[in-house]
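# Topology and contacts: notes
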Amino acid sequence: MDQFERLSQLPLRDDLRGQHPYGAPQLDVPVLLNVNENTFGVPADAKEAIISAVAAELDGLNRYPDREFTVLRQELAAYLDHGLTEDNLWAANGSNEVLQQLLQAFGGPGRSVLSFPPTYSMYPLLASGTGSSYIAGQRAADFSLSAESAAEQVREHAPNIVLLCSPNNPTGTALGLDVVKAVYEAGEASQAIVIVDEAYTEFSHTGTPSALDLLPGRPRLVVSRTMSKAFAMAGARLGYMAAAPEVADALRLVRLPYHLSAITQAAAVAALRNSTSLLANVEAIKVQRDRIVTELLELGLTPAPSDSNFVFFGGLENPSEVWEALLAQGVLIRDVGIPGHLRVTAGTEAETSAFLTGLRAILGA
Ligand SMILES: *Cc1c(COP(=O)(O)O)cnc(C)c1O
């Protein structure tokens, strides 16, 4: 009996039967460009600040942490700099947990979540985990999403929650605020909570606006962010959202008590107080991102415009063969299962060169 047969003999919820867990491969290869991490490490000064902040917590580790993580919410509000206060902020162990809490509070059995694939592969899993039904909306053939089309689909499906990913993963492109506004207005009828997942926003081209600009006067709008990407802290697990204070109050009803450990809170606060240092490599990553787009075009491939730290590209006859051949050269990128396409994270200059050199050799260019 294999593991899946054994699992199927357990009294698992019917809606979880036959499902597979999220699982980008975690392989031990020299060049890891598959899950959009910041491949630069934490800079030395930020590391020291985090070490002392965490060390200072150890004496009190016998006590539960501040359940309200007030200092962290204050630091997050200051970082976002949009006239927000700690009452507008909420955090959890990664933005995935924030999204899960949002679905627990506003989704659930008998309720629906709409998003627009290809988009973040966790959205349908979060829907199923919370017993919400998942509605896959449509994009144009070039993967773009216009305000008119998005609004029409919201009116048609009347979802309880809409998840917009901007910049979108896996395509990399940011949405205009016109799309967010139109979706919010179209969601009026079903009182939809509109979540804009801005996990990659720090990598956007200068002048790309954030949905944070739209928060005033929109109590059903939520902007989700993370320290996993630009902040180079994927291992620390800290995601957060900004919204009207009553949205944070809704999440207080579903969060586990003390969900953010004292160590997590201390590390995140220290990181935010050193954000200039932690974010210093964002510009270097954007240079490599733009270099990937330019060089893929030269190879005759079709990269999508990217406002993130990764590039989604098409024009491949056999993406899984290319993925395998790159892996054989020690370069791990992502096959997101879209015909003709692959996705690669922009790394350091050396990592990016390893990818581009490898790809050129494979394509015989
Ligand atoms: C990486 C990513 C996140 C971040 O998840 P964390 O739980 O904060 O690490 C969120 N949304 C999208 C679209 C992502 O690609």
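Small disclaimer: the values here were computed from a predicted structure and weren't measured.

### Comments concerning the UniProt feature "domain: Aminotransferase class I/classII large" (unreviewed entry) in the protein
UniProt records the feature "domain: Aminotransferase class I/classII large" (unreviewed entry) at residues 31-355, using the numbering of this structure. As a span, residues 31-355 carries 38% helix and 15% strand, and end to end its C-alpha atoms are 8 Å apart.

### Topic: the environment of E188
Relative to the elements of secondary structure, E188 occurs in the loop between α7 (177-186) and β6 (193-197). Overall, the relative accessible area of 47% leaves E188 in the partly exposed class. Sequence separation of E188 and R220 is 32 residues, and the distance between their C-alpha atoms is 9.0 Å. One polar contact links E188 to R220, side chain to side chain, over a distance of 3.2 Å.

### Thoughts on the site of the ligand
Not every one of the 13 residues close to the ligand is listed here, only the nearest: S95, Y200, T226, S228 and K229. At 2.8 Å from an oxygen atom of the ligand is found a side-chain nitrogen or oxygen belonging to N169. Contact distances for the ligand include 2.6 Å between an oxygen atom and a side-chain N or O atom of T226. Calculation on the ligand without its partners gives an accessible area of 390 Å², and the protein chains cover 94% of this total. Its residues assigned to classes, the shell around the ligand shows four nonpolar, six polar and three charged.

### Notes on the sheet that holds strand β2 (residues 89-92)
Pairing is mixed across the open sheet formed by seven strands, whose spatial order is β2-β8-β7-β6-β5-β3-β4. The sheet is open, and its two edges are formed by β2 and β4 (133-136), each paired on a single side. Direction aside, the axes of adjacent strands within the sheet are offset by 25° on average. Across four bridges, the pairing between β6 and strand β7 (residues 221-226) is parallel. Along β7, the bridge assignment pairs I195 with V222. Sitting on the sheet, helix α5 (residues 122-129) is in contact with β3 (112-115), β4, β5 (161-165) and β6, with an inclination near 155° to β4.

### Topic: helix α12 (residues 319-328)
P319, V322, W323, L326 and L327 are the residues of α12 that are buried. Along α12, the residues classed as buried sweep out an arc of 135° about the axis, all on the same side. Structural note: α12 exposes E321 and A328 on the side pointing more than 90 degrees away from its buried face. Residues of α12 that are buried make contact with β11 (331-332), β12 (342-345) and α13 (349-363).

### Some details on the pairing of strand β10 (residues 310-314)
On a regular strand, one side chain projects to one face of the sheet and the next to the other, so that they alternate. Judged by how many residues are buried, β10 sits mostly within the fold: five of five residues are covered. Burial of the side chains of β10 extends over both faces: F310, F312 and G314 are buried on one face and V311 and F313 on the other. Two strands pair when backbone bridges link them, and strand β9 (residues 302-303) and β10 are joined in this way by two bridges, in the antiparallel orientation. If you follow P303 over to β10, its bridge partner there is F313. Between the end of β9 and the start of β10, which pair antiparallel, lie six residues.

Conventions we followed
- Residues numbered from 1 in each chain as written.
- Predicted model: local features only at pLDDT ≥ 70, side-chain atom pairs only at ≥ 80, totals over all residues.
- Heavy atoms only, no water.
- UniProt positions renumbered as here; feature names shortened; annotations may be inferred.
- Helix = DSSP H or I, 4+ residues; strand = E, 2+ residues; numbered from the N terminus.
- Buried < 20%, exposed > 50% of the residue type's maximum accessible area, 1.4 Å probe, protein only.
- Polar contact = N/O pair within 3.5 Å; in protein donor to acceptor, adjacent residues only side chain to side chain.
- Near = heavy atom within 4 Å.
- Areas by Shrake-Rupley, 256 points an atom, 1.4 Å probe, with all protein chains shown as cover.
- Nonpolar A, V, L, I, M, F, W, Y, C, P; charged D, E, K, R; others polar.
- Pairing = 2+ DSSP bridges.
- Axes fitted to C-alpha atoms, helices over the stretch in contact; angles between N-to-C directions.
- Contact = heavy atoms within 4.5 Å.
- Arc of directions from axis to C-beta.

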